[in-house]
Amino acid sequence: MKRIAPGLVAAALCLTVQAALADVVAIVAAQSPITSLTSAQISDVFLGKLTRLADGTRPLPIDQTEGSATRDAFYLQIAGKSPAQMKAFWSKLIFTGRGRPPKAVADDLAVLKSVQENPVAIGYLDRRSVNASVRIQP
Amino acid sequence: MSASTSAETMNDVDLTAPMFSFAAFGTLAAVHSSEEQADFVATAYKPDGAGFSNSWSGKVDSLIAGQVTGTFSPHVSAVVQVVAEQSHDGAFQPHVEWANFRYQFSPDLSLTFGRTALPTFTHNDSRKVGYSLPWVRPPVEVYDLAPITSNDGLGVIYQRRIGSATNTLQLTGGWSVSKFPGGRIGAGEAKARELLSIADTHEWGFAMLHVNFGRTRVSIAALEPLFAALRQFGPPGEALADKYEVNDALVSFMGLGAGYNPGEWFVQAEWGHLDSSSLLGAKTGWYVSGGIRFGTLTPYLNYADVRPTGRTFEAGLDLASLPANLQDPAAQLNGALNSALSGIPRQATYTLGARWDFMRNVAFKLQYDQIALGRDSVGTLLNVQPGLRRGGTVHLFSASLDFVL
């Protein structure tokens, strides 16, 4: 009992913390060739720093529109950046011609649709919007 | 800067896009300097600033800029960026900062033809986009080092993945013409040719490392009368003119930058060096900066330093060996040489400020700078009046509003 209880408590804590942080998840189509991306890789895909995966696939990131709570939560979680920091990041690239932000769609439903239409698309949405047509990454 | 127009997306295959997109940025700022015997300016291109000319000046940092990007095919695009700010002749005027065609061979490799801002120090090509910077302005000790900040010619950008890091290499070559107001190195045009710059940025997680090398040949025609006069003094005058003349003079510059930015805080440091055996001289500048983000407020603290690394004094023509009637003119020529050389800045600045992102796309910043002018130096100040005490302290107060559209 003494040995098991701390383990159970630790496991319960981990699950709780995970549930609190995991409101927004990155997803790909269920049939997508993209199989195992790490959090760091997903972050780099959305920031334009990773444009080709090891197997040659060029992932297509799908953003949600600026101002969306889901978008703000996603970038804070995956890249540690606040909405202003994200805007500053893209401003630097746009005004020096070195990059452009991903295409943005209106909401979780639009993300699901975009991801279905393109097998190499990666999007993010609220965990509650996940359905059988998509797979969570990582 | 709408992220939803397809013309601005990463995926170049998406052709259902409008052909043209527009974006804008700007800064509205005011600076007060406690030093009334000289002007604080952030760049040598502007004729006046805060202090002597105006107690409070909006001209030091204020600007507005617009950019139009045209996408003509998955591979071909063009951009024009026009910036309006105080120009060398004092008027608030627009000028073309960027104007180029870009051919994107792949998402990793592109070629530009036309005008770009020179990618030297970490923020050099984005130094006017106040919204993208944590501070009111990039530290002048590093960012005012090189007299050339733009390039007309060719550029290549190659981005590749090395392990889990992203490496971006930028090669730029061409020429540039900048107009300077009257100042310590003379007014008029500075022409740079055979400009070549290599910059590499390595990003790994939250860490960034940046290195750049560049060289160019600079000519400032307005200085020619000084050297023509020196040449009239025989071999010693010829020797002085050959050494200091800014006529196709070789100028080299290099920089090293590093940063760590996990989002909740950041540290950043840069070191830059400019070298020329001409009147432009040699100097080294560096800064360290750190900040912490508390919600929408990001206070920061910087320390910056710049100092000459070459000659700041030239004995010049030997007056004693000249006939009496030539001693005064010779002394004046010596004085002109030394005025330029002693103008190579020596100063150190402590900066304390905060950025407040109080609404979307807008940032408000308050900044206090304490500039310690080096012994016998006027630092980076311009329009120096006789009453200026060299080696003194200057207190700057800046307030700015940066926005992007």
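Structure shown above.
The structure contained in this document is the topic of the report that follows. (Residues numbered from 1 in each chain as written. Chains lettered and ligands numbered in written order. Predicted model: local features only at pLDDT ≥ 70, side-chain atom pairs only at ≥ 80, totals over all residues. Heavy atoms only, no water.)

## With respect to empty space enclosed by the protein
Residue and element names in this part refer to chain B. We count it as follows: Buriedness of a pocket was judged along seven lines, with at least five required to meet protein on both sides within 12 Å; pockets are open sets of points on a 1 Å grid over the protein atoms alone, cavities are sets where a 1.4 Å probe fits but cannot get out, and lining residues have an atom within 4 Å of a point. Grid points are joined across faces, edges and corners, and a volume is the space filled by probe spheres set on the points. Each helix corresponds to a stretch of at least 4 residues labelled H or I by DSSP, and each strand to a stretch of at least 2 residues labelled E; elements are numbered beginning at the N terminus. Ten residues, namely Ala, Val, Leu, Ile, Met, Phe, Trp, Tyr, Cys and Pro, are considered nonpolar, four, namely Asp, Glu, Lys and Arg, are considered charged, and the remaining ones, Gly among them, are considered polar.
All told, the structure shown has three cavities of 30 Å³ or more when counted by the stated rule. A volume near 120 Å³ is recorded for the largest cavity. Forming the boundary of the largest cavity are 16 residues, of which P139, V140, T349, T351 and D369 lie nearest the centre. Secondary-structure elements contributing two or more residues to the lining of the largest cavity are α1 (140–143), β16 (297–308), β17 (347–359) and β18 (362–373). Among the residues making up the lining of the largest cavity, the classes are represented as eight nonpolar, five polar and three charged. The wall of the second largest cavity is formed by 15 residues, among which W98, T112, T116, I157 and Q170 lie closest to the centre. Broken down by secondary-structure element, the contributors of at least two residues to the lining of the second largest cavity are β7 (92–106), β8 (109–117), β9 (150–162) and β10 (165–180). Counted by class, the lining of the second largest cavity contains six nonpolar, six polar and three charged residues.

## Regarding the environment of Y244 of chain B
Residue and element names in this part refer to chain B. Condition: Each polar contact in these results corresponds to two N or O atoms within 3.5 Å; when the atoms are within protein, one needs to be able to donate a hydrogen and the other to accept it, and residues that are neighboring in sequence are counted only if both atoms are side-chain atoms.
As for its placement among the helices and strands, Y244 is situated in helix α3 (residues 234–244). Residues Y244 and L279, 35 residues apart in the sequence, show an inter-C-alpha distance of 4.8 Å. Of the polar contacts made by the side chain of Y244, one reaches the side chain of E314; its length is 2.5 Å.

## Observations concerning the interface of chain A and chain B
Basically, it comes down to this: The contact definition used throughout considers only heavy atoms, calling two residues in contact when any of these lie within 4.5 Å. Computed with a 1.4 Å rolling probe, the buried area is the accessible surface lost when two parts are put together, summed over both parts. Salt bridges are counted wherever a side-chain nitrogen of Lys or Arg sits within 4 Å of a carboxyl oxygen of Asp or Glu.
Listed as interface residues are 35 residues of chain A and, on the opposing side, 44 residues of chain B. For the pairing of chain A and chain B, the buried interface totals around 3,400 Å² over both sides, and the portion due to carbon and sulfur atoms is 52%. Sorting the residues of chain A by area buried against chain B places K49, F95 and R100 of chain A first, and these three jointly supply 24% of that buried surface. The interface formed by chain A and chain B holds six salt bridges in total. A salt bridge links E66 of chain A to R360 of chain B; the nearest nitrogen and oxygen atoms lie 3.4 Å apart. Where chain A touches chain B, the interface holds 17 residue pairs in polar contact (both at pLDDT 80 or more).

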